[in-house]
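These are the residues of each chain, in order.
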Amino acid sequence: MAKPVDSGPYADRPAPGNSGKIFLPNDGMCMYVDSGAAWGTWGPVYPGELPVNGDFSWINQGGASVEQTYGGIFLEAPAVAGYSLRVRKKATPSTPYTVTAMFLSNCYGGPSPTNGYGMVWRQSSDGKLIILNISQPTCAVISFSDPTTASGTLQAFGANPANPPRLWLRLTDDGVNRTYHWSNNGQYFMQVYSHVRTGYITPDEIGFFVNASHATYAPGTTLLSWEET
Amino acid sequence: MARRQPVRTDGGAGILVDYQPVMGQAPGGGGGGGCEDYLQGGAFADLPAAETDGRTYVADDAMMLLFDTGAKWKPWAPLMPFTPPDDSEFSWDNQGTATVNEEGGGVWMTDTAGPHELRVRYKAAPATPYSITGLFLNPFYGWSWPSSGLVFRESGSGKIHKWGEQFSGGIRRSAKWTTAAVFSAQYTGLPTTEDHASRMVWLRITDDGVNRICSWSYDGFHFKVDHTVGRTDFLTADQVGWYMRPGGVLFTQTILFSWRET
C-alpha cells in the first residue's frame, strides 16, 4: 500500500486523492492532510534536523546543564550578573559551510539587559568568541576575548525582539567572508552582519549558548534543530 | 513502548491520534505493512531506530513530530501535545459582559470594553498535591492592562490568587484579589516582554500541600518558578480556574488551548 505519510519538496506534493495521507514538505512551514479531494493545511510547523548532544562539548559550563528529554537540547544556566556565556561547541565543518539553528526560548525579557541566547563562533587556540546574541533590549553581534569578557559590539540589530517564541539563526563561512543571519520562519533569512572570515577570529569551532546577564533571572533555551550544509 | 494508529482529521479541529499497542510489530513485518505500522506514537525516549522510510512518530511528550527518512529521524517542530479544556466543568465568577465559547479546540473568552476586573472560570481544585497547566494565547487587544492566566480561588470568601501575563509593561504577575472585582496587592511582577500579544505561553499553578507555586514556560516542558508562597497565605484554595482581565477599551479576547491537571 502507499505510505500514509510522505515527505519531500513542496513542489513534489502529489495531487490529493488519498484520504488521510499526510505530506510533510522539507522546505515549507506547514503539514498537509489529504481529505481525498483537497489538501488541508496545519501549521505553522517547520522541518529541521535533530541536534546530537554528544557532538558538542562545554566551554565555561559553570552550573549550566543540558537535557534531551522532550526532543531537542534544552540548555539552562543559573542567574548571574554580567556576561558569562555557557557554550556548547563542536568543530566547524570545512568551508564553505552554513549552519542553521532553530531555537525555542525560555528566557526572561526586560527593559534592561537580561537573558540572551544564540549561536557562537570560537577560535580554539586562544578561546576568543563571537556571538550572535538574541536578547533585550538589543540583539547584537559581539566579540569576546573569553566567555566572561566582551571585547566589542560589532553590530547591533533587532531592538527589543521580545523573546520570540521561535527563532532561527544562521552562520555562514564561504571561505572568504563570514555572515550572520536571523529568521522568524526558517525559510527566509535576513543578514545582519558580514566581515572577512579572519575578522577578530578565524573560527574552528561553532556552537550555541545561553547568557544570564542578570543576578536574578536564569536563562534557558531549546535547540530544536541544528543543520549543517 | 511505541504505539500505532492511523491519523485522522476531525472537522478542522486538529489532528487526533488514538494509539493502540504496536506489540513490537515493524512496518511491513508480520502485520501486512498496513498504514498503522507507519504511524506510531509514544514517549520520545522510546523513539525506535530510524530504518523505515515514511514512518512517522508522534511523540506525546515532546515538541515535535518525527519522520523516518530510512536513515535518520527528521523533526517537524515546534508541535506540542495539548489537553483540550472542557468548558462545561467550569462556572463563572464576575462574568459581567464576558462570554466563552468552545471552538476550534480551545475555549475563547471575550469581553467588550469591560472594567479592569477579573472574569473567572473556576472549578473544584484537585486533592493536593496537584498542578494545573494551562496554555494561553495572550489577550489580543493591548490597551491598558489586559491579561490572562490561572487562578487559585477560595470558595468561602471569593478571594483569588491570580497568576498571569500582562500586556502593558510586559509583566508576569502573581497577585492577590479580595474578590474578582477588587484588587488587593501584588505578590510578584517579573519581566516578560513588552510585546507578547499573540504569543502563546504555558502557565502553571501548583499546590504541593505546603506552598502555592507559580511557574511559566514557552515550550510546555521546561517551567521556571517565579513565585512561591505558603498555601494558606491570604487564602486557602479549594478552587482553581482561569481568568481574563479586559483591557477596558473595545474588546479583549484570550484563548485557553490546553488544561491539564496532574
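The secondary structure content of chain B amounts to one helix and 22 strands. Relative to its full complement of 262 residues, chain B shows a buried share of 55%. Considering only contacts within chain B whose residues lie at least 6 apart along the sequence, 53% involve residues at least 24 apart. About 9,900 Å² of surface is accessible on chain B, with carbon and sulfur atoms providing 53% of the total.

Okay, the pattern of salt bridges next. Residues and elements named next belong to chain B. Counted by the stated rule, this structure contains 18 salt bridges over all chains. Residues Asp 226 and Arg 172 are paired through a salt bridge, measuring 3.5 Å at the closest nitrogen-oxygen approach. One end of the pair, Asp 226, is in strand S20 (residues 224–230); the other, Arg 172, is in strand S16 (residues 171–179), and 54 residues separate them in sequence. Taken as a pair, Asp 226 and Arg 172 share a single burial class, namely buried.

Glancing now at the environment of A:Tyr217. All names here are of chain A. By the element assignment, Tyr 217 lies in the loop between strand S18 (205–211) and strand S19 (220–228). Relative accessible area serves as the criterion here: at 12%, Tyr 217 is assigned to the buried category. Distance in space between the C-alpha atoms of Tyr 217 and Cys 107 is 8.1 Å, their sequence separation being 110 residues.

Glancing now at the domain arrangement of chain A. Taken domain by domain, chain A holds domain 1 (5–42) and domain 2 (53–228). The centre of domain 1 of chain A, based on its C-alpha atoms, is set 34 Å off from the matching centre of domain 2 of chain A.

Okay, the nonpolar core next. Judged by nonpolar contacts, the single largest core of 32 residues is most densely connected at A:Met119, A:Tyr180 and A:Trp226. In contact with A:Tyr180, not counting residues within four places along its chain, are A:Trp121, A:Ile130, A:Leu132, A:Val141, A:Arg170, A:Leu171, A:Met190, A:Gln191, A:Val192, A:Tyr193, A:Ser194 and A:His195. Judged by nonpolar contacts, the second largest core, of 26 residues, contains B:Ala125, B:Phe152, B:Val201 and B:Leu235.

So, on to the interface of chain B and chain A. Each partner contributes residues to the interface: chain B has 46 residues there, and chain A has 49 residues. Interface of chain B and chain A: buried area, both sides summed, is about 3,900 Å²; carbon and sulfur atoms make up 67% of it. If you sort the residues of chain B by the area they bury against chain A, B:Trp76, B:His222 and B:Lys224 come out on top, with a joint share of 17%. Where chain B packs against chain A, one counts three salt bridges. Across the salt bridge formed by B:Lys72 and A:Glu49, the nearest N and O atoms sit 2.7 Å from each other. Our enumeration of links across chain B and chain A arrives at 15 residue pairs in polar contact (both at pLDDT 80 or more).

Moving on, we come to the sheet that holds strand S12 (residues 129–135) of chain A. Residue and element names in this part refer to chain A. Ordered in space as S6-S9-S18-S11-S12-S13-S14, the seven strands form an open sheet in which the pairing is antiparallel. Each edge of the sheet is formed by a strand with only one pairing partner; in this case those strands are strand S6 (57–59) and strand S14 (149–157). Neighbouring strand axes in the sheet, compared pairwise and without regard to direction, differ in orientation by 25° on average. Looking at chain direction, strand S13 (residues 139–146) and S14 are connected through seven bridges and run antiparallel. Directly across from Ile 142, in S14, lies its bridge partner Thr 153.

On to unusual backbone geometry, then. Along the chain, B:Ala77 connects to B:Pro78 via a cis peptide bond; the corresponding omega equals -10°. Mapped onto the secondary structure, B:Pro78 falls in the loop between strand S8 (73–77) and strand S9 (91–93). Across the junction of B:Thr128 and B:Pro129, the peptide omega takes the value -5°, indicating a cis bond. Within the element layout of this structure, B:Pro129 appears in the loop between strand S12 (119–124) and strand S13 (130–137). Notably, A:Asn60 is not glycine yet its phi reads approximately 55°, a positive angle. Mapping A:Asn60 onto the fold places it in the loop between S6 and strand S7 (65–67). A:Asn60 sits in the partly exposed class, given a relative accessible area of 29%. Notably, A:Ser213 is not glycine yet its phi reads approximately 55°, a positive angle. Relative to the helices and strands, A:Ser213 is located in the loop between S18 and S19. On the accessibility criterion, A:Ser213 (17% relative accessible area) is buried.

Turning to empty space enclosed by the protein, a few remarks are in order. To locate leftover empty space, one rolls a probe as large as a water molecule over the atoms. The tally for this structure, following the rule as stated, stands at one cavity of 30 Å³ or more. For the largest cavity, the calculated volume is near 40 Å³. When grouped by side-chain class, the residues that make up the lining of the largest cavity number four nonpolar, one polar and two charged.

Once that is clear, we can look at the pairing of strand S4 (residues 39–42) of chain A. Bridge analysis of strand S3 (residues 31–34) of chain A against S4(A) gives four bridges, and the strand direction is antiparallel. Considered in S4(A), the bridge of A:Asp34 is made with A:Trp39.

In this section: the sheet that holds strand S15 (residues 167–173) of chain A. Residue and element names in this part refer to chain A. Read across the sheet, seven strands follow the order S7-S8-S19-S10-S15-S16-S17 without closing on themselves; strand pairing throughout is antiparallel. One side of each edge strand has no neighbouring strand; the edge strands of this open sheet are S7 and strand S17 (190–196). Across the sheet, the axes of successive neighbouring strands diverge by a mean angle of 25°, strand direction being ignored.

Cut-offs and rules
- Along each chain, the written sequence defines residue order, and numbers are assigned to residues from 1.
- Labels follow written order: the first chain is A, the first ligand is 1, and so on.
- A pLDDT threshold of at least 70 governs which residues receive local features in this predicted model, and a stricter bar of 80 or more applies before side-chain atom pairs are shown or counted, although totals over entire chains, interfaces and linings include all residues.
- Hydrogens are left out, water is left out, and the side-chain values use all remaining heavy atoms of the structure.
- Strands are runs of DSSP state E lasting at least two residues, helices are runs of H or I lasting at least four, and both sets are numbered from the N terminus onward.
- Exposure is judged per residue with a 1.4 Å probe applied to protein chains only, and the accessible area is read against the type maximum: over 50% gives exposed, under 20% gives buried, and values in between give partly exposed.
- We call two residues in contact when some of their heavy atoms are within 4.5 Å.
- The accessible surface values rely on the Shrake-Rupley method and a 1.4 Å probe; as for residues, cover is taken only from the protein chains in view.
- Throughout this description, the term salt bridge denotes a Lys or Arg side-chain nitrogen within 4 Å of a carboxyl oxygen of Asp or Glu.
- As annotated, the domain borders come from an automatic or database domain assignment.
- Residues belong to a common nonpolar core when they are buried Ala, Val, Leu, Ile, Met, Phe, Trp, Tyr or Cys residues joined through side-chain atoms within 4.5 Å.
- Buried area is a sum: the accessible area each of two parts loses on coming together, probed at 1.4 Å, counted once for each and added.
- Counting of polar contacts relies on pairs of N or O atoms within 3.5 Å, with two restrictions inside protein: one atom must be capable of donating a hydrogen and the other of accepting it, and residues adjacent in sequence are counted only when both atoms are side-chain atoms.
- Strands are labelled as partners when DSSP assigns at least two bridges between them.
- Axes here refer to lines fitted to C-alpha atoms; in helices the fit is confined to the stretch in contact. Angles between the N-to-C directions go from 0 to 180 degrees.
- Note on definitions: the grid is 1 Å and covers protein atoms alone; a cavity is a set of points where a 1.4 Å probe fits but cannot get out; a pocket is an open set with protein on both sides within 12 Å along at least five of seven lines; lining residues have an atom within 4 Å of a point.
- Grid points are joined across faces, edges and corners, and a volume is the space filled by probe spheres set on the points.
- As a working rule, the residues Ala, Val, Leu, Ile, Met, Phe, Trp, Tyr, Cys and Pro are called nonpolar, Asp, Glu, Lys and Arg charged, and the rest polar, with Gly in that last group.

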